Amino acid sequence: MPARDMRMEMFVRAIMRRDMNKAKGHMEKLTKIAGSDEWGRGYSRAVEGIMNAIKDNDTDALIVQLLTSNDRERAKELLELYSEMASQEFRDEYEKGYYTAWAEFLKAYLNQKTLA
């Protein structure tokens, strides 16, 4: 498993356990792995947004709604949508990075044996 995928799995597990300190550490490593180019900035922005929405318990945020409702079907639909968006040629690198992060997050989320 590539380092970024493994780190995303750890990030998701920490979030699902509501261990924000560990999640923050994994988030920082993910942003470092992603790099500082346009793609990496988009990726990092998505990961930071996920983290902040959960930390703030923003009930309007998609990720908080998903974790609260435990809706695997919705997560699968979003994974398919974001994966497609990440690969669309007309998207700029920032958008591709952003949607890639979401797709990787949702994939790791769906890989969890028990969804909290």
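Below or above, wherever it landed, is the structure these notes cover. Residue numbering note: each chain is counted from 1, following its sequence as written. Thresholds applied to this predicted model are a pLDDT of at least 70 for local features of residues and 80 or more for the giving and counting of side-chain atom pairs; totals over whole chains, interfaces and linings are not thresholded and use all residues. Derived side-chain values reflect all non-hydrogen atoms in the structure, with water molecules and hydrogen atoms excluded from consideration.

### Remarks on the environment of Val64
For step 1, the next point in the chain: Helix and strand definitions follow DSSP, with helices as H or I runs of at least four residues and strands as E runs of at least two, each counted in order from the N terminus. Position of Val64 relative to the elements: it lies in helix 4 (residues 62-69).
For step 2, the next point in the chain: Linking Val64 and Gly40, residues 24 residues apart in sequence, is a C-alpha distance of 24 Å.

### Quick notes on the pattern of salt bridges
For step 1, the next point in the chain: Every case where a carboxyl oxygen of Asp or Glu lies within 4 Å of a side-chain nitrogen of Lys or Arg is listed as a salt bridge. One pass over the structure, following the stated rule, counts 7 salt bridges.
For step 2, the next point in the chain: One salt bridge in this structure joins Glu38 and Arg41, with 2.1 Å as the shortest N-O distance. Here the residue Glu38 and the residue Arg41 both occupy positions in helix 3 (residues 38-55), the gap between them amounting to 3 residues, near one helical turn.
For step 3, the next point in the chain: To sort residues, take the accessible area from a 1.4 Å probe on protein chains only and compare it with the maximum for the residue type: under 20% means buried, over 50% means exposed, and anything in between is partly exposed. Judged by its relative accessible area of 38%, Glu38 falls in the partly exposed class.
For step 4, the next point in the chain: Measuring nitrogen to oxygen at the nearest pair gives 3.8 Å for the salt bridge that ties Arg74 to Glu77. One end of the pair, Arg74, and the other, Glu77, are both in helix 5 (residues 72-87), 3 residues apart, so they sit about a helical turn from each other.

### Comments concerning the packing of aromatic side chains
For step 1, the next point in the chain: Between the rings of Phe, Tyr and Trp (Trp by its six-membered ring), a pair exists once the centres lie within 6.5 Å; its type follows the angle of the planes, with under 30 degrees stacked, over 60 edge-to-face, and the other angles tilted. Counted under the stated rule, the structure contains 6 aromatic pairs.
For step 2, the next point in the chain: Here Trp102 and Phe105 contribute two aromatic rings whose centre-to-centre distance is 6.2 Å and whose plane-to-plane angle is 70°, an arrangement assigned as edge-to-face. Within this pair, Trp102 and its partner Phe105 are both found in helix 6 (residues 93-111), separated by 3 residues, close to a single helical turn.
For step 3, the next point in the chain: Put simply, the rings of Phe11, Tyr82, Tyr98, Tyr99, Trp102 and Phe105 touch in pairs and so form one group of aromatic residues.

### Focus: the packing of helix 5 against helix 6
For step 1, the next point in the chain: Lines are fitted to the C-alpha atoms to define the axes, a helix being fitted only along its stretch in contact, and any angle between axes, read from their N-to-C directions, falls within 0 to 180 degrees. As a packed pair, helix 5 and helix 6 sit with axes 8 Å apart at the nearest point and diverge in direction by 150°. Comparing their axes, helix 6 and helix 5 come out roughly antiparallel. Pair helix 5 / helix 6 crosses with left-handed handedness. Residues Arg72, Ala75, Lys76, Leu78, Leu79, Tyr82, Ser83, Met85 and Ala86 of helix 5 pack against Lys96, Tyr99, Thr100, Trp102, Ala103, Leu106, Lys107, Tyr109 and Leu110 of helix 6.
For step 2, the next point in the chain: When residues are sorted by character, Ala, Val, Leu, Ile, Met, Phe, Trp, Tyr, Cys and Pro go into the nonpolar class, Asp, Glu, Lys and Arg into the charged class, and all the rest, Gly among them, into the polar class. Class assignment of the residues belonging to the contact of helix 5 with helix 6 gives a composition of 12 nonpolar, 2 polar and 4 charged. Under this scheme an angle from 65 to 115 degrees is roughly perpendicular, one under 35 degrees roughly parallel, and one over 145 degrees roughly antiparallel; angles in between are oblique. Crossings are sorted by hand: turned counterclockwise from the far helix by less than a right angle, the near helix makes the crossing left-handed, and turned clockwise it makes it right-handed. By the convention used here, residues are in contact when the closest approach between their heavy atoms is within 4.5 Å.

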